[in-house]
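Structural features, examined
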Amino acid sequence: MWADDKHCWRVIEQQRVAIADLLSGLTEAEWEAPSLCAHWRIRDVAAHLVLGSRPLALGPAARAFVLAGGRYNAMVDRLTVAYADRPGADLAAELRAAAPARTMPAVTNVRNLLFDTIVHGQDIALPLNRSIAVRPGDAAAAASRVWGMGWPFRARRRLRDFELIADDIDWSVGSGTPIHGPALALLLLMTGRPIALRELSGDGIDHLRRRLAPA
């Protein structure tokens, strides 16, 4: 399932506004709370979403890339954590202002930005026991993109023994033992968020739990 670029941008804008609304009501303790994104606080995820609305600044990016030993993910982490060191209210306001932006770092594209925005919104909302609504069709479009790509999630390889079947829209990928759940939960599963297990079921669920258990 795919969405055209115009639809992707509309969803990204809607998600940014919803995330900014949630962020605007957070306490200082909540800003510092762990997100679902490994090693990042809520404020770090918010900063990442703000930076995702802009072209990559070459100077800071080059310095961060060198300091990160040429590792892309480590570069992103350095830039994000540094940017997060500002008042939460400012981050929320910047994300709201950036909601209609149609710019992004040159290293990505709108389909990547779609799943990135949706997933990171859940990274913020779920650990705070809040919710950000995502339409099943939009979650499925994002999941299709993740399934079709390799790095960094390698979902097709990690979940090769399962057929993932959405129960809120006509959408499925893979082959093997069935796993059922909302399209959003399947997207979170594919992007490495074990919290998705609480909304999933099917003949393969015990196998999947063992697969995802820490070594």
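Everything numeric in this text was worked out from a predicted model, so none of it was measured. (Residues numbered from 1 in each chain as written. Predicted model: local features only at pLDDT ≥ 70, side-chain atom pairs only at ≥ 80, totals over all residues. Heavy atoms only, no water.)

This next bit is on the pattern of salt bridges. The final tally for this structure, using the stated rule, is 13 salt bridges. Between Glu32 and Arg41 there is a salt bridge, and its shortest N-O distance comes to 3.0 Å. Given a relative accessible area of 26%, Arg41 falls into the partly exposed group. A salt bridge links Asp161 to Arg211; the shortest N-O distance between them is 2.3 Å. Taken as a pair, Asp161 in the loop between helix H9 (155–158) and strand S1 (162–166) and Arg211 in helix H11 (residues 205–212) lie far apart in primary sequence, 50 residues in all. Given a relative accessible area of 29%, Arg211 falls into the partly exposed group. (Salt bridge = Lys/Arg side-chain N within 4 Å of Asp/Glu carboxyl O. Buried < 20%, exposed > 50% of the residue type's maximum accessible area, 1.4 Å probe, protein only. Helix = DSSP H or I, 4+ residues; strand = E, 2+ residues; numbered from the N terminus.)

This next bit is on the nonpolar core. In this structure, Leu164, Met190, Leu200 and Leu208 are the most contacted members of the largest nonpolar core, which totals 43 residues. Sorting elements by how many residues they give to this core places helix H10 (residues 183–190) first, with eight residues. There are two domains that each give this core at least three residues, and those are domain 1 (5–103) and domain 2 (136–212). Leu200 has contacts with Ile179, His180, Gly181, Ala185, Leu186, Leu189, Ile205 and Leu208, leaving out every residue within four places of it along the chain. Within the second largest apolar cluster, 26 residues are counted, among which are Trp31, Cys37, Val45 and Leu128. (Core = buried A, V, L, I, M, F, W, Y, C linked by side-chain atoms within 4.5 Å. Domains from an automatic or database assignment. Contact = heavy atoms within 4.5 Å.)

Below, the discussion takes up the packing of helix H1 (residues 5–24) against helix H6 (residues 88–98). Relative orientation of the contacting elements H1 and H6 amounts to 160°, with a least axis distance of 8 Å. Judged by the inter-axis angle, H1 sits roughly antiparallel to H6. As for the relative orientation of H1 and H6, their crossing is left-handed in sense. Between H1, through Arg16, Val17, Ile19, Ala20, Asp21, Leu23 and Ser24, and H6, the contact on the second element is made entirely by Ala92, Leu95, Arg96 and Ala98. When the residues that make up the contact of H1 with H6 are grouped by side-chain class, the tally is seven nonpolar, one polar and three charged. (Axes fitted to C-alpha atoms, helices over the stretch in contact; angles between N-to-C directions. Parallel < 35°, antiparallel > 145°, perpendicular 65-115°, else oblique. Left-handed = near helix turned anticlockwise from the far one by under 90°. Nonpolar A, V, L, I, M, F, W, Y, C, P; charged D, E, K, R; others polar.)

The subject of this paragraph is the side chain of Arg43. Among the structural elements, Arg43 can be located in helix H3 (residues 42–51). Ignoring any residue separated from it by four or fewer positions in sequence, one finds Arg43 in contact with Glu28, Trp31, Glu32, Ala84, Arg86, Pro87, Gly88 and Leu91.

Turning to the packing of aromatic side chains, a few remarks are in order. Two aromatic rings are characterised by how far apart their centres lie and by the angle between their planes. Considering all chains together, one arrives at one aromatic pair under this definition. Ring centres of Phe115 and Phe153 lie 5.8 Å apart, and the angle between their planes is 75°; on these two criteria the pair is classed as edge-to-face. Here Phe153 lies in the loop between helix H8 (136–148) and H9 and Phe115 lies in helix H7 (residues 110–125), a separation of 38 residues in the sequence. Given a relative accessible area of 6%, Phe115 falls into the buried group. What makes Phe153 buried here is its relative accessible area of 19%. (Phe/Tyr/Trp six-rings, centres within 6.5 Å; stacked < 30°, edge-to-face > 60°.)

Right, let's talk about H3 for a bit. For H3, a buried count of nine out of 10 residues is recorded, marking the element as mostly surrounded by other parts of the structure. Turning to H3, its buried residues number three or more, namely Ile42, Arg43, Asp44, Val45, Ala46, Ala47, His48, Leu49 and Val50.

When the domains of the chain are assigned, the result is domain 1 (5–103) and domain 2 (136–212). Computed over C-alpha atoms only, the centres of domain 1 and domain 2 are separated by 25 Å. Contacts between the two partners involve six residues from domain 1 and, on the opposite side, four residues from domain 2. When domain 1 packs against domain 2, the two sides together hide about 430 Å² of surface, and 65% of this comes from carbon and sulfur. When the buried surface of domain 1 facing domain 2 is broken down by residue, Val11, Leu36 and Asn73 rank first, second and third, together holding 65% of it. There are zero salt bridges connecting domain 1 and domain 2. For the pair domain 1 and domain 2, the interface holds one residue pair in polar contact (both at pLDDT 80 or more). At the level of secondary structure, the elements contributing two or more residues to the side of domain 1 that touches domain 2 comprise H1 and helix H5 (72–83). Class assignment of the residues belonging to the side of domain 1 that touches domain 2 gives a composition of four nonpolar, two polar and no charged. (Buried area = accessible area lost by both parts, 1.4 Å probe. Polar contact = N/O pair within 3.5 Å; in protein donor to acceptor, adjacent residues only side chain to side chain.)

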